[in-house]
Amino acid sequence: MTSRRPGRERYPSLDGFVKRIEPEDLRRDFSLSPSDHDVVKAKRGSGNRLGFALRLCALRYFGYIPEPITDAPPEVVAYVARQLDLPPEALVGYGTREQTRTAHFRDIVTHLGYRKLEARDRRPLQIWLRDRALEHDRPDTLYSLLREHLHGRKIVRPGLTVVQRFIGTAREAAEKATWKAVSALLNQELRERLDALIKVDSEAGHSPLVDFRTVANKARPKDILATLGKIQKIRDFGVPEWDMSAFNPNRLKTLAKFARTSDSQMLRRLADSRKYPTLVAFLWETLADRIDEAIDLYDRCLRDLARRAEKELQEFRRSVAEATNEKVKLFHLVGKILLDPDVSDADLRLKIFTAIPPDKFRSAVDDCARIERPLDDTHIDFLGQRYGYLHQFTNQFLDAFTWRAAPGAEPLVAAVNLLKDMWAKGKRGFAEDPPTGFIPEKWKPFVIGENGHVGKRFYELCALWELRAALRAGTVWVTGSRRYADPTGYLIPKVRWVQMREEAARLIEAPLAPNNRIEARIAELETAAATLDELLEGKRGVALDRDDRLILSPLDPDERPDSVAVVEAMVADRLPRIALPTLLIEVDRLTGFSRHLTHTGNRRRRKEEEMVALYAALLAQSGNFGIARMREMSGLSEDVIEWASRWYLGEEGLDEANLELINFHHHLPLVSQWGGGTFSSSDGQRFPVAVKSLSAVPLPRDFGMGRGLSVYTWTSDQHSQFGTKVIPATVSEATIVLDGLLDNESELSIIEHTTDTGGVTDGIFGLFDLLGMRFSPRIKDIGSQRLYRLGDIKGDRVKAIMRHKINRPLIERGWDDLLRLAATVKTGWAPASLMLSKLQSAPKRSPLISSLREYGRLAKTVFILRYLGSPEYRRRIQRQLNKGEALHALRQYLFCANEGRIRKHSIEDQLNQATCLTIVTNAVVIWNTVYIQAAIEQIRREGFLIDDDILQYLSPVRFEHINVFGDYSFPVKEEMRRRILRPLRQPLLTDGKGKGKL
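Because the structure is a prediction, the values reported are computed rather than measured.

Notes on a positive patch on the surface
In step 1: Taken together, the side chains of K218, K222, R308 and K692 define a basic patch exposed on the protein surface.
In step 2: Considering the arrangement of structural elements, one finds K218 in the loop between α10 (208-213) and α11 (221-235).
In step 3: For K218, a relative accessible area of 34% gives the class partly exposed.

This is the structure in structure tokens:
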């Protein structure tokens, strides 16, 4: 395994104590039971007792004993020492004798019921770890899974050398298993075709693989037809007939991702055992991607045409407004004559034509036919004028796929198949009555004539429009698609689930039977309800109105010591002013993040000029400057910057570089004051898009008359950003909130997460709980939320707001499917966002989503009761959300060029740019953290006493001292040779009268 940087172990912190343990975990695992006290008292000497107790609690918490135990955080030592009536200082000098440590280790293992890894455990463990390596390729992820696996079986984690050997062997075994499965598909013809896939075509200048991974940026007929052509070419490899049931979907995605981010030359150099599995996975995944792309383009094309039709209708209404008013006046005049009792029937015609000349009246009647609209006045007839435009691709589109219907959608699929058959046979009309059960009322006047005749043009348009809606709702499925497939097909197959059920339950730490889990949640609910009832009685921050509706008083401002502002100002005065390129180079020297940004076809050490190009390309992306503007700012040629951007800023390298930054920041001494890396938040940041892009959507509130997208980011309590995703601005954030947490491969151990109201649904609460995490959102108008109970609740006040009952049998009946759902997203079988979007879009609730929502209501009620009952809990959530908002402000500052308008067309390029911005954002946070720590030390040397308690209020998210504008220079050689931090600024000091405790 490779190290993170020279001289550093792959798992740098995993033999030692973490720097912060959350209070709830401290109470759970570091509280000594009576039996713990008995075994501790048997040890002689206060130092031995305290050291023994700390090691005992550490094994219970970590699954191994960190060494040296004297490095435990002071608050942990103090917490355990108080229980033993010992001073924390008693720990000093513990364990100097190896014999003592060994004897204590044996006693602790025996007392807690743990055991060491034995020879009989090795082969089953290696098989288990190989199966995990088929799901997750990253060593860090495998380490976390292995540690949890051993901890759950009360097996002490062996040393890191043994662990590394286990993981290395498991990854090799996974690669062999993959090769064996792929070998069954390969014949000589397929090998030759796969080799040709990565061979550069002399005329095109690139390989066919490049064409397959290129996506469309516009939803025009020619783009849709081009995508359908790619689908057919991939199918010609025989992909739909391949048996891929032996592969975990996550493994296929990992291999396909490598193919997408590597050049053809590099792929050709791979050994057969790696090359062919990679190409097979690429074709398998790309076929689903292109099918989804074709459907997305179809959706977008119809949507755009409908909007044009609506616009034409509005223009038509404006154009006929004057004529309509004229006809109303004529009608009014004719009506008055008709209703006049003094005008006889015989004189009626003469009277009308006297008032209105016949020619004028005839012209008005003819004009009425022109401007007459249906009673519901829809834009369908204007959409009908686009039939020829749609017909450029719709026949080929319908014919390209196999359509499947959910119950209720059979008439629509029958109509689609009928149209396919008619096109294949060249028929222009219906031989018999076509299916009409799918036609909505507003379409019927256009589709079905007065004589019952069905017109083909509007029948086809109606089928196409309803097909679009059904695909979105998940009532029509497409064979071979990923996002438009049967939602139940995303789950782990039932045959496979039977085999892995017990292991999956252990993986997500959930019981196989629901009763214990439900009872535990009921106990939490009753405790939280009792606390809230007391608050309601005293009307302390929360009360009930006359309708028993909750009223939550606003939180008082977060109390901060007066000295915080003084310390912040003193730190700000000392931070060096620095240009952004220099900051980036210095952070690279500290962290080595750029070593992950390697040329996809050349792993050699980079020269200085190549490093300059790399930094320039990274800043061109993160600052939204573009290559031409960066050329002007840096003096580098466009070719050099373009070359670095294309070959060094690949998806995998950027992800690895960001992990390096996050993990480095996690271990800085000051960071533990801000959080333990266990709490996080997420939110979307909206950016206007200046070019045509399928991911850009209109949202007048944010983008005016233009279009834009959201960059969704995940932020840790330590101010680092560990996840980035680009989504259309109209996508529900609730569907994607789990993706960044489940994809997190950093050393941050996130167990609790918060969002704003946009990320809240009952199902999200349920899935978080099933995955062993806490969801703690800030909910707008929380008093309007329904609260649920199971059985009776003590306290009249709280009972009044918990009116609704949980359907426990519904949860119990669906428990196995709930475990299957949680295991599906945990093991990477399907992304959480895909599962949730499909389950929530279904028009009829499936048993699975009904069970998930019911279980989520229980988890949500527990959270809301805790939220209402604890002002400090609410403040903690607010503080975390504020960290995310502050980072958004920093991102906006860094993304400074071109008015912050994104100019990338494809979502892949947009994600690449957003990830570059995340990297630079994290680099700024690291630089600030390092220099804030240096400033604190300097201030203390100047004679000011700063309590550690003050440090938690400082923030590394600041940018007033960073220059992002002007000419860019890249002093690579100078900065890489630097061995100390740059000098702090020296503010003018007084005669010392201001010194003292802060």
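On we go from here.
Points about the pattern of salt bridges
In step 1: Applying the stated criterion to the full structure yields 66 salt bridges.
In step 2: For R468, the salt bridge goes to D299, with nearest N and O atoms at 3.4 Å. You can see R468 sitting in helix α22 (residues 456-473) and its partner D299 sitting in helix α14 (residues 272-339), a full 169 residues away along the chain. Pair check on accessibility: R468 and D299 agree, each one buried.
In step 3: The salt bridge partner of E586 is R589, with a shortest N-O separation of 3.7 Å. Of the two residues, E586 and R589 both sit in helix α26 (residues 580-591), three residues apart, roughly one turn of that helix.
In step 4: A network of salt bridges, in which partner residues are shared, links E586, R589, E975, R978 and R982.

Focus on unusual backbone geometry
In step 1: For the peptide bond that leads from E67 to P68, omega is -5°, which places it in the cis range.
In step 2: Tracing the sequence through the fold places P68 in the loop between α3 (46-62) and α4 (74-83).
In step 3: For D85, which is not glycine, the phi torsion reads 55° and is therefore positive.
In step 4: Of note, the phi angle at E509 is positive, near 55°, even though the residue is not glycine.

Thoughts on the packing of helix α28 (residues 626-634) against helix α29 (residues 638-648)
In step 1: Close contact between α28 and α29 brings their axes to 9 Å; oriented N to C, the two are set at 120°. By the angle class used here, α28 and α29 are oblique. Crossing geometry of α28 relative to α29 is assigned as right-handed. Residues I627, A628, M630, R631 and S634 of α28 touch α29, and the partners they reach there are E638, I641 and E642.
In step 2: Here the residues of the contact of α28 with α29 sort into four nonpolar, one polar and three charged.

Notes on the packing of α26 against helix α30 (residues 651-666)
In step 1: With their axes 10 Å apart at the nearest point, α26 and α30 run at an angle of 75° to one another. With respect to each other, α26 and α30 are oriented roughly perpendicular. In this structure, α26 contributes V587, L590 and T591 to the contact, and α30 contributes E660, L661 and F664.
In step 2: For the contact of α26 with α30, the per-class residue count stands at four nonpolar, one polar and one charged.

Looking at the side chain of Q910
In step 1: Here Q910 shows up in helix α40 (residues 907-941).
In step 2: Taking relative accessible area as the criterion, Q910 reaches 3% and is therefore assigned buried.
In step 3: In this view, Q910 contacts S693, S695, L709, V726, I902, K904 and H905; residues no more than four positions away in its chain are not counted.

Digging into the state of the cysteines
In step 1: A complete count under the given rule lists zero disulfides for this structure.
In step 2: C462 carries a free sulfur, and the closest cysteine sulfur to it, the one in C301, is 17 Å from it.
In step 3: Classification of C462 by relative accessible area gives buried; the value is 0%.
In step 4: Here C916 is not cross-linked by a disulfide; its sulfur's nearest cysteine counterpart is in C896, at 14 Å.

Conventions and cut-offs
- Residues numbered from 1 in each chain as written.
- Predicted model: local features only at pLDDT ≥ 70, side-chain atom pairs only at ≥ 80, totals over all residues.
- Heavy atoms only, no water.
- Patch = residues over 30% accessible without salt bridge, like charges linked within 9 Å, V, L, I, M, F, W, Y side chains within 5 Å.
- Areas by Shrake-Rupley, 256 points an atom, 1.4 Å probe, with all protein chains shown as cover.
- Salt bridge = Lys/Arg side-chain N within 4 Å of Asp/Glu carboxyl O.
- Lys, Arg positive; Asp, Glu negative; His and termini not counted.
- Charge placed at Lys NZ, Arg CZ, Asp CG, Glu CD.
- Helix = DSSP H or I, 4+ residues; strand = E, 2+ residues; numbered from the N terminus.
- Buried < 20%, exposed > 50% of the residue type's maximum accessible area, 1.4 Å probe, protein only.
- Axes fitted to C-alpha atoms, helices over the stretch in contact; angles between N-to-C directions.
- Parallel < 35°, antiparallel > 145°, perpendicular 65-115°, else oblique.
- Left-handed = near helix turned anticlockwise from the far one by under 90°.
- Contact = heavy atoms within 4.5 Å.
- Nonpolar A, V, L, I, M, F, W, Y, C, P; charged D, E, K, R; others polar.
- Disulfide = S-S within 2.5 Å.

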